[in-house]
Amino acid sequence: MTETISYPFTSRTYVSLSIARGIAAGRGHIDITAAHIAVGILREGENPAVAALHRGGVSLRQLRRELEEELPPNDRPRFGELVFPETPVEKEIVNVAVSEVAALDDPYLGNEHLLLAILREPETSVARLFARHGITHDLALSLLRSVRSGE
């Protein structure tokens, strides 16, 4: 049995995931998808993932609009009805992000790791949406390294 490695989340990662949960709750969704998390990352705004996308020439406003269109239709609950724990897709994305943290030998899990996790499977609809903006996992990783080095 392998031991699970746990990394602390950055404050901005908590904010991004909270934004994603708020979007899902406000729309009455019972699961948090990659699209919810990607919109959360973009709405948080001040993080290495957004810096890497900007450096890659992505129109952040257009990408956000397209990601919001990718969200499931609204099924708005009545006020106070929806409170949900960690969801299966959210958990899967965070687990893949943990592997990105380990691969980069980082001491924390940040928005950049969530973005890389979302882009890890290129056949998903959200990864294809990013690809239409020219962003793949490998390019995002390269742009992130560039942002981190200050180039």
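Just so it is clear, the model here is predicted, and its values are computed rather than measured. (Residues numbered from 1 in each chain as written. Predicted model: local features only at pLDDT ≥ 70, side-chain atom pairs only at ≥ 80, totals over all residues. Heavy atoms only, no water.)

**Q** Whenever I open this one, the overall build of the chain confuses me. Can you help?
**A** Within the chain, the regular secondary structure consists of eight helices and zero strands. Reading the helices (α) and strands (β) of the chain from amino to carboxyl end gives α-α-α-α-α-α-α-α. In terms of its C-alpha atoms, the chain occupies a principal-axis envelope of roughly 50 × 40 × 30 Å. Residues counted as buried form 42% of the 151 residues belonging to the chain. In the chain, of all internal contacts separated by at least 6 residues, the share reaching a separation of at least 24 is 71%. Here the chain displays about 8,400 Å² of accessible surface, and carbon together with sulfur accounts for 53% of that area. Taken together, the 16 basic and 21 acidic charged side chains of the chain have centroids lying 7 Å from each other. (Helix = DSSP H or I, 4+ residues; strand = E, 2+ residues; numbered from the N terminus. Buried < 20%, exposed > 50% of the residue type's maximum accessible area, 1.4 Å probe, protein only. Contact = heavy atoms within 4.5 Å. Areas by Shrake-Rupley, 256 points an atom, 1.4 Å probe, with all protein chains shown as cover. Lys, Arg positive; Asp, Glu negative; His and termini not counted. Charge placed at Lys NZ, Arg CZ, Asp CG, Glu CD.)

**Q** Quick question: what am I supposed to make of the packing of aromatic side chains here?
**A** Any two aromatic rings considered together are summarised by their centre-to-centre distance and by the angle between their planes. For the coordinates displayed, the defined rule picks out one aromatic pair. Look at Phe9 and Tyr14: their rings are 5.2 Å apart centre to centre, the planes differ by 40 degrees, and that puts the pair in the tilted class. For Phe9, a relative accessible area of 23% corresponds to the partly exposed category. (Phe/Tyr/Trp six-rings, centres within 6.5 Å; stacked < 30°, edge-to-face > 60°.)

**Q** How should I be thinking about unusual backbone geometry in this particular structure?
**A** Of all residues except glycine, most have a negative phi; of all peptide bonds, most are trans. Its identity as a non-glycine residue notwithstanding, Asp105 has a phi of 55 degrees, on the positive side. Residue position: Asp105 is located in the loop between α5 (88-104) and α6 (111-120).

**Q** Explain the packing of helix α1 (residues 11-27) against helix α2 (residues 34-44) to me, please; I cannot follow it from the model alone.
**A** Helix-helix packing is described using two parameters, namely the angle between the two axes and the distance between the axes. As a packed pair, α1 and α2 sit with axes 8 Å apart at the nearest point and diverge in direction by 125 degrees. With respect to α2, the axis of α1 lies oblique. Note on packing geometry: the crossing formed by α1 with α2 is right-handed. Residues Arg12, Val15, Ser16, Leu17, Ile19, Ala20, Ile23 and Ala24 of α1 form the contact with α2, whose participating residues are His36, Ile37, Val39, Gly40, Ile41, Arg43 and Glu44. Here the contact of α1 with α2 is built from residues that sort into nine nonpolar, three polar and three charged. (Axes fitted to C-alpha atoms, helices over the stretch in contact; angles between N-to-C directions. Parallel < 35°, antiparallel > 145°, perpendicular 65-115°, else oblique. Left-handed = near helix turned anticlockwise from the far one by under 90°. Nonpolar A, V, L, I, M, F, W, Y, C, P; charged D, E, K, R; others polar.)

**Q** Help me understand the layout of surface pockets in this model?
**A** Rolled over the atoms, a probe with the dimensions of a water molecule shows which regions are left empty. In this structure, the largest pocket encloses a volume near 250 Å³. Surrounding the largest pocket, 15 residues form its lining, Ala34, Val89, Glu92, Ile93 and Thr124 being those nearest its centre. Those elements that place two or more of their residues in the lining of the largest pocket are α2, α5, α6 and α7 (125-132). Take the lining of the largest pocket: its biggest share by element is four residues, from α5. Looking at the lining of the largest pocket residue by residue, the classes come out as nine nonpolar, three polar and three charged. (1 Å grid on protein atoms, 1.4 Å probe; cavity = no way out; pocket = protein on both sides within 12 Å on 5 of 7 lines; lining within 4 Å. Points joined across faces, edges and corners; volume = space filled by probe spheres on them.)

**Q** I keep staring at the nonpolar core and nothing clicks. Help me out?
**A** A general tendency of soluble globular proteins is for nonpolar side chains to be buried together. Counting residues in each nonpolar core, the largest one holds 41 residues, and the members touching the most others are Ile37, Leu67, Leu114, Ile118 and Phe130. Contributions of two or more residues to this core are made by α1, α2, α3 (48-55), α4 (60-70), α5, α6, α7 and α8 (137-149). Aside from chain neighbours lying at most four places away, what touches Ile118 is Ala34, Ile37, Ala38, Ile41, Ile93, Thr124, Val126, Ala127 and Phe130. (Core = buried A, V, L, I, M, F, W, Y, C linked by side-chain atoms within 4.5 Å.)

**Q** Would you mind going over empty space enclosed by the protein with me for this structure?
**A** Applying the stated criterion across every chain, the model contains one cavity of 30 Å³ or more. Estimates place the volume of the largest cavity at around 30 Å³. With three residues, α2 is the largest single contributor of residues to the lining of the largest cavity. Taken together, the residues that form the lining of the largest cavity break down as six nonpolar, no polar and no charged.

Honestly, it's all geometry; don't read function into it.
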